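Structure assessment
In case you want the letters, here they are:
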There are 2 protein chains.
Amino acid sequence: MNEGILLIVSAPSGAGKTSLMKALLARDPALTLSVSCTTRAARPGEQDGVHYHFVAPAEFQAALRAGDFLEHARVFDNWYGTRAADVRTRLAEGHDVILEIDWQGARQVRECFPTSVGIFILPPSIAELERRLRGRGTDSDAVIARRMAQARSEMTHADEYKYLVVNDRFDGALDALAAIVVAERHLMVRQRSRVAFAFAF
Amino acid sequence: MNEGILLIVSAPSGAGKTSLMKALLARDPALTLSVSCTTRAARPGEQDGVHYHFVAPAEFQAALRAGDFLEHARVFDNWYGTRAADVRTRLAEGHDVILEIDWQGARQVRECFPTSVGIFILPPSIAELERRLRGRGTDSDAVIARRMAQARSEMTHADEYKYLVVNDRFDGALDALAAIVVAERHLMVRQRSRVAFAFAF
């Protein structure tokens, strides 16, 4: 069995990443989403161990000091992190693992996993991004301005990723993501062990 | 408009490359097949300018001496070659161009087009390859033995290609090829010009 592929997916808030990942996971049963640890409170409908591992700040800091995290980040007043052991186990089992993290986390992960594959998702334009953020209708102008600034900052790191998917049409973006996963599985470097038994090259 | 992608597709005879390329071209209208020049005689049903440019040996040698060919090869008693000007024109028009050539031609093309993308197609096994070659029922044992030897030789160069597709199920191999094309179009290096207008990174 081949080791799984580690996919790093980043996007500014409002690009549609979460909906796309949900649809991608439903389409491709070999994919699995890495479950992060976070110190933030669970939102309605979020389940511990499914959407996040919800941990107390003290527990998070202890794991951080112990070097358990592959990547970690502070977003606003909350901490997020991915336990390296969780990811390594899934990959060794042959699962392809998706990490939904920001550009800073992506840099940390690339150091440990140079064969990881970065995908950046963009909204079709800045104007559309702002429309989507306002469309939620739940946030103040100040919060939206902060999110827009953060989105612009995130987007300046898009060129650190291997692939770029513009989410102008949801179905088109989903097809592109699914194609990237299939293509990556067919890279020669990932297939040698699969065909070595059949051909002596 | 972005420049098109040059795809180099190689396979041993009997791997199913020609049928796969035909189906791939039917599925993806942005793809176009490069039409090679050859000195061999047209087979029944083959049209000049569609399947090949059928040229006289003297004409082929003159073009070869003039440096017109991106790649060329002698296969058995016939010459095959791809005119560089044809490929550059198609790519500049934004078409993604497929070159169906052997490993020697692929090496020549990679020198001129370092951003070209190599795909190698394998049959599921040597035994299945021989069964397919015999299945045609039109060739003598000596011809089949020669083809098998050539196929083995071609396959020893599979690892010079970026992608590997095993044609065990036709539909699965076709899906993989289509996914590779879509994924390549979404590589960051090919998309910068597309999104530069929207974002200042």
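Note that the structure is predicted; figures quoted are calculated from it, not measured. (Residues numbered from 1 in each chain as written. Chains lettered and ligands numbered in written order. Predicted model: local features only at pLDDT ≥ 70, side-chain atom pairs only at ≥ 80, totals over all residues. Heavy atoms only, no water.)

A short note on the overall build of chain A
To be explicit about the condition: Each helix is a run of H or I in the DSSP string that is no shorter than four residues. Each strand is a run of E no shorter than two, and both are numbered from the N terminus. We compute the radius of gyration from the C-alpha atoms alone; for a globule the expected value is 2.2 Å times N to the 0.38, where N is the number of residues. Classification of residues uses two cut-offs on accessible area relative to the type maximum, computed with a 1.4 Å probe and protein chains only: under 20% is buried, over 50% is exposed, and between them is partly exposed. By definition in these notes, contact holds between two residues if any of their heavy atoms fall within 4.5 Å. Charge assignment in this entry is limited to Lys and Arg as positive and Asp and Glu as negative, and neither His nor the chain termini are counted. To locate a charge, take NZ of a lysine, CZ of an arginine, CG of an aspartate or CD of a glutamate.
When its secondary structure is counted, chain A shows eight helices and nine strands. Its C-alpha atoms give chain A a radius of gyration of 18 Å, near enough to 17 Å, the size a compact globule of 201 residues would have. Principal axes of the C-alpha set define a box for chain A whose edges measure 65 × 40 × 30 Å. When burial is assessed residue by residue, chain A has 46% of its 201 residues classed as buried. Considering only contacts in chain A between residues 6 or more positions apart, those separated by 24 or more positions represent 68%. Treating the 25 positive side-chain charges of chain A as one cloud and the 25 negative ones as another, the clouds have centres 1 Å apart.

Section: the side chain of B:Asp28
All names here are of chain B. Defined as follows: Counting of polar contacts relies on pairs of N or O atoms within 3.5 Å, with two restrictions inside protein: one atom must be capable of donating a hydrogen and the other of accepting it, and residues adjacent in sequence are counted only when both atoms are side-chain atoms.
Inspection of the secondary structure puts Asp28 in the loop between α1 (17-27) and β2 (31-33). Overall, Asp28 belongs to the buried group, its relative accessible area being 12%. Reaching out from Asp28, the side chain makes a polar contact with the side chain of Arg185 at a distance of 3.1 Å. Excluding its chain neighbours within four sequence positions, the residues that come into contact with Asp28 are Val181 and Arg185.

Describing unusual backbone geometry
Unlike most non-glycine residues, A:Phe76 shows phi in positive territory, near 55°. Following the sequence through the fold, A:Phe76 ends up in the loop between β5 (69-75) and β6 (78-83).

Re the relation of the copies chain A and chain B
Quick note on the threshold: In this comparison the copies share one frame, found by least squares on the C-alpha atoms of residues holding pLDDT of at least 70 in both.
Superposing chain A onto chain B takes a rotation of 180° combined with a translation of 0.0 Å along the rotation axis, leaving an RMSD of 0.0 Å. The transformation just described matches what one would write down for a two-fold rotation axis. If distances are taken from each C-alpha of chain A to the rotation axis, the shortest is found for A:Ala179, at 2.1 Å. Here 100% of the contact residues of chain A are again contact residues in chain B; the copies associate through an equivalent surface.

Here's the deal with the sheet that holds strand β4 (residues 53-54) of chain B
Residues and elements named next belong to chain B. As a reminder, the rule being used: Any two strands with at least two DSSP-identified bridges between them are counted as paired.
Across the sheet, which stays open at both edges, the four strands sit in the order β4-β3-β6-β5 with mixed pairing between neighbours. The open sheet has two edge strands, β4 and β5 (69-75), and neither has a second partner. Two strands pair when backbone bridges link them, and β5 and strand β6 (residues 78-83) are joined in this way by six bridges, in the antiparallel orientation. The residue of β6 that forms the bridge with Val75 is Asn78.

Considerations on the pairing of β6(A)
Residues and elements named next belong to chain A. Note that strand β3 (residues 37-38) and β6 share two bridges and pair antiparallel. Bridged to Cys37 within β6 is Gly81. In this antiparallel pair of consecutive strands, β5 and β6, the connection spans two residues, and Phe76 shows a positive phi of 55°.

Section: the pairing of strand β7 (residues 96-100) of chain A
Regular strands place side chains that alternate from one sheet face to the opposite one. Residues and elements named next belong to chain A. Buried residues dominate β7, accounting for four of its five residues. Where strand β1 (residues 6-10) meets β7, four bridges bridge the pair, whose relative direction is parallel. When the sheet's bridge partners are listed, Ile8 is paired in β7 with Leu99. By the bridge criterion, three bridges tie strand β2 (residues 31-33) to β7 in an arrangement that is parallel.

Some details on the interface of chain A and chain B
Put simply, the test is: Accessible area that two parts lose when put together, with a 1.4 Å probe and added across both, is what the buried area reports. What makes a salt bridge here is a side-chain nitrogen of Lys or Arg within 4 Å of a carboxyl oxygen of Asp or Glu, nothing more. Amino acids are sorted into nonpolar (Ala, Val, Leu, Ile, Met, Phe, Trp, Tyr, Cys and Pro), charged (Asp, Glu, Lys and Arg) and polar (every other residue, Gly among them).
In this assembly, 32 residues from chain A lie in contact with 32 residues from chain B. Across the chain A to chain B interface the summed buried area is about 2,600 Å²; carbon plus sulfur atoms make up 73%. Where chain A packs against chain B, one counts zero salt bridges. One can count six residue pairs in polar contact (both at pLDDT 80 or more) joining chain A with chain B. Breaking the side of chain A that touches chain B down by element, the ones donating at least two residues are β8 (117-122), β9 (163-166), α7 (170-185) and α8 (188-195) of chain A. Split by residue class, the side of chain A that touches chain B holds 23 nonpolar, four polar and five charged.

Notes on the UniProt feature "binding site: ATP" (unreviewed entry) in chain A
All names here are of chain A. Our working definition: UniProt positions are given in the numbering used here, feature names are shortened, and annotations may be inferred rather than shown by experiment.
Taken from the UniProt record, the annotation "binding site: ATP" (unreviewed entry) applies to Ala11, Pro12, Ser13, Gly14, Ala15, Gly16, Lys17 and Thr18. Along the polypeptide, Ala15 turns up in the loop between β1 and α1 (17-27). Discounting chain neighbours no more than four positions away, the residues touching Ala15 are Ile121, Leu122, Pro123, Leu129, Arg132 and Asn167. Note on placement: Gly16 falls in the loop between β1 and α1. Judged by its relative accessible area of 23%, Gly16 falls in the partly exposed class.

What about the packing of α1(A) against α7(A)?
All names here are of chain A. The condition that has to hold: Only the stretch in contact is used when a helix axis is fitted, and all axes are lines through C-alpha atoms; the angle between N-to-C directions ranges over 0 to 180 degrees. Orientation labels follow simple angle bins: below 35 degrees gives roughly parallel, above 145 gives roughly antiparallel, 65 to 115 gives roughly perpendicular, and whatever is left gives oblique. Should the near helix be turned anticlockwise from the far one by less than a right angle, the crossing is left-handed, and should it be turned clockwise, the crossing is right-handed.
Contact geometry for α1 and α7: axes closest at 10 Å, N-to-C directions at 55°. Classed by the angle they form, the pair α1 and α7 counts as oblique. As α1 runs across α7, the sense of the crossing is right-handed. Of the residues in α7, those in contact with Ser19, Leu20, Met21, Ala23, Leu24 and Arg27 of α1 are Phe170, Ala173, Leu174, Asp175, Leu177 and Ala178.

Remarks on the sheet that holds β7(A)
All names here are of chain A. The strand order across the open sheet formed by five strands is β2-β7-β1-β8-β9, and the pairing between neighbours is parallel. Each having just a single partner strand, β2 and β9 make up the two edges of the open sheet. Averaged over neighbouring strand pairs, the angle between their axes works out to 25° when direction is ignored. Each of β1 and β7 is contacted by helix α4 (residues 103-112), which is oriented at about 160° to β1, the strand it contacts most.

Here's the deal with the packing of aromatic side chains
To describe a pair of aromatic rings, you give the distance between the ring centres and the angle between the ring planes. All names here are of chain A. Rules: Two rings belonging to Phe, Tyr or Trp (six-membered ring only in the last case) form a pair when the distance between their centres is within 6.5 Å. Interplanar angles under 30 degrees mark stacking, angles over 60 mark edge-to-face geometry, and anything in between is tilted. Any Lys NZ or Arg CZ found within 6 Å of a ring centre and within 35 degrees of that ring's normal is scored as a charge over the ring.
Summed over all chains, the structure comprises 10 aromatic pairs over all chains. For the pair Tyr52 and Phe54, a centre-to-centre distance of 5.8 Å together with 55° between the ring planes defines the contact as tilted. In this structure, Arg110 is placed above the aromatic ring of Tyr161, and the distance from its NZ or CZ to the ring centre is 5.4 Å.

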